[in-house]
Amino acid sequence: MEEVDVEPAVTNISGIRHGKRMGFAWGPGDILVYETLDKASGPTGSGCAFIHMVRKDEDIYSPILRKLFNESHHIFVGLQTIKEDLPSKSKKPQFVSISRNYRSVIRACMEELQQAAVSANDTEMATQYGNQVSILLAVELIWNLCEVLFIDAAPAGSLLLHLLDWVRLHKSDVDEKAKEVLLSDSPAEHRDYWDVVVSYVLQGRLEDTRKMLVKQATLQPAAKNMYKLMDSLLSKMPFYNPGGTQTLTEFDVKWRNWHEEVDRYLKDNSFASNQHLEVICKILLGDEDILLEHKELLSTWYHFLVTRLLYCHPTVKPTELHYYAQSCVTMFLDSGLPEPLDSILLAAFEFDIHQVIKDCSIALNNWWFVAHLTDLLDHCKLLQSHNLHFGSNLREFLLLEYASGLFTHHSLWQCAVDYFDHCPEFGRVYLELQIERVPLDTERKALKVLRICEERQMSEQVRSICKIMAMRAVRNNRLGSALSWSIRAKDAAFATLISERFLQDYCAKGTFSDLDLIDNLGSAMLLSDRLTFLGKYREFHKLYGEKRFRDAAKLLLSLMTAKIAPQSFWMTLLTDALPLLEQKEVIFSAEQTYELMYCLEELTSSLNIATLGPDGPMQEEDVEVTKVEMLRLALARNLASAIVKEGTIQT
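Quantities reported herein were computed from a predicted structural model and do not represent experimental measurements.

Chemist: Can you explain the overall build of the protein? Please cite residues and give values.
Modeler: Across its full length, the protein holds 30 helices and four strands. Counting the 651 residues in the protein, one finds 46% classified as buried. The long-range share in the protein, meaning contacts at least 24 apart out of those at least 6 apart in sequence, stands at 63%. Split by element, the accessible area of the protein, about 34,100 Å² in all, is 53% carbon and sulfur.

Okay, here's the thing in structure tokens:
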């Protein structure tokens, strides 16, 4: 069997290719695609046709990504416990914290996948891990931006600081390059030295830039003043402090003064003799041509956007972002078409949440990201106005799709239950349908499924599971387990059937199996008459074993007179009475003996048991006749003894 984890090519089902057609079979989480032969064309060759399994969500079968699903499940459940009536100001820090928890889980899985890719011996597996890392990188990039723009909703001033952190987090290759430069014998002469310096400036890491420039200044004493001037400009650049006393207007004035100072030094050619410092000075002024000359260091249009905002519009408002983002895409990509990731980020900068979710649903290979992000945004009250045509809202639709995919996995289905629980409109319906598809491989797994159904009062599913397990136990001749499952299902008919099997086994072997279960039936024995009889008959044996003969005799008689015992079992009961009738002490009273005699006569008349013939070997019928004769004799003796005893007591 060949597994396909790619988007299948469009197949014209009605078309015929070399006499073959395509057939499809839908499963709960995947599709079987197979080749069929056209009858008209006849056999085209020998051999078996290929069967392809197209999985809806291949990622759930990755051991590393499974950790992502498990960990995010705990975060999801925790998010649902946040009270709705809390004021939005007090909930916002909680939502930001939850968003960061989701991102930390993504990054942990990403790091593990990177390690797996490095240590993988198989090239195909290494490529697969690498692809998964790329997807998670994009997912974390989008989530982080959504956190900044939608969840944290940073205002002007703070917004740029968050965007800088966003770019720095996702453009960390400069640190690796810087480490290599600093570990060399002469860092200032390293071929990548100026790339590192410029990269630091592009990311707004001016303190790191100053430290690197010191190394160059020591090599060029003649240019000491020039480096000192650049150091002064870098140190003076103002950054907005959200927790400080300075207002945004005051910051803007201070930043403009600094900007004018940098521009003045550039125009008077203070750095004309040093090409690298002049480039840095132009970057500090936000020169677009210089920035675009460093496309390779920027690598992405959104890095270009943040750098441009940092050195041209540090007080940018959220509502202005889409304008700058669109212009940066146009300048950076030239005439090139944007990738799906670019379109998603652009939609985020335009504050079009629904477009972000829609594009992610199309571009990403599973529902994990859109389901969890939408749920978080819905809790932030950012999706209230968007309902789908078929009744469910967007959050619920995505959670249902994601949870349905989890249900195809042998262990992750347990996580899916909680997702269905928190879908108020269709969650229960989906759970009822999906829970019936869980394969009950073991009794332990069946008990897990059963507990889930019982906790949610899913009575129909409880009965179905118990019946399946009871039938399986009967087929394996495990009567105790079968009876336990039928009692749990409250299935009187099946409990009666299994009780009959217990009684048949007793008749054949003379002993009961699963005594612990029968001894502890309690009120469950009332489920059916046959089960009641089984429990009471076992109780008779216990009383007999404890030598409580009178109680045992009374119970035995009541089983027949109250018609609890099936008539087919009366002969066994009467035979059980023989040892009691033969006791030296009179156990059955005269009245009880008459009742036993009546039961015996009723039994013999219904079975048409004749008297024992004089000749010939004893047949099965003859054995029954012998039992009847012995019982009549024992009953007659006991009646005589009982009458004598009772007459003596009366005298």
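Moving on from the coordinates now.
Chemist: Break down unusual backbone geometry for me, with residues and values.
Modeler: The backbone phi angle of S299 is positive, close to 70°, even though this residue is not glycine. Assignment of secondary structure puts S299 in the loop between α12 (295-298) and α13 (301-312). The partly exposed category is assigned to S299, whose relative accessible area is 40%. Here K381, not a glycine, exhibits a phi torsion of approximately 65°, which is positive.

Chemist: Kindly report on the confidence of the model for the protein, identifying the contributing residues and their values.
Modeler: In low-pLDDT segments, the atomic positions of the prediction should not be examined closely. When pLDDT is averaged along the protein, the result is 82; 83% of the residues meet or exceed 70. This model gives residues 1-18 a pLDDT under 50, and the stretch forms 24 contacts once residues within four places in sequence are excluded.

Chemist: So what's going on with the side chain of S327? Residues and values would help.
Modeler: Checked against the element boundaries, S327 lands in helix α14 (residues 321-333). A relative accessible area of 18% means that S327 is categorised as buried.

Chemist: For the pattern of salt bridges, give the residues involved together with the corresponding values.
Modeler: Throughout the structure, instances matching the rule amount to 29 salt bridges. E546 is the salt-bridge partner of R548, the closest N and O atoms lying 3.2 Å from each other. Taking the relative accessible area as the measure of exposure, R548 reaches 41% and is therefore partly exposed. Salt bridges sharing common partners tie together R100, R103, R107, E140 and E147.

Chemist: Help me get a handle on the packing of helix α3 (residues 123-151) against helix α15 (residues 340-349), residues and values and all.
Modeler: The geometry of α3 relative to α15 is characterised by a closest axis approach of 10 Å and an angle of 10° between their N-to-C directions. On the basis of the axis angle, α3 is roughly parallel to α15. On α15, the residues that touch A138, L141, I142, L145, L149 and F150 of α3 are L341, I344, L345, A348 and F349. Its residues placed into classes, the contact of α3 with α15 shows 11 nonpolar, no polar and no charged.

Calculation notes
- Residues numbered from 1 in each chain as written.
- Predicted model: local features only at pLDDT ≥ 70, side-chain atom pairs only at ≥ 80, totals over all residues.
- Heavy atoms only, no water.
- Helix = DSSP H or I, 4+ residues; strand = E, 2+ residues; numbered from the N terminus.
- Buried < 20%, exposed > 50% of the residue type's maximum accessible area, 1.4 Å probe, protein only.
- Contact = heavy atoms within 4.5 Å.
- Areas by Shrake-Rupley, 256 points an atom, 1.4 Å probe, with all protein chains shown as cover.
- pLDDT = per-residue confidence, 0-100.
- Salt bridge = Lys/Arg side-chain N within 4 Å of Asp/Glu carboxyl O.
- Axes fitted to C-alpha atoms, helices over the stretch in contact; angles between N-to-C directions.
- Parallel < 35°, antiparallel > 145°, perpendicular 65-115°, else oblique.
- Nonpolar A, V, L, I, M, F, W, Y, C, P; charged D, E, K, R; others polar.

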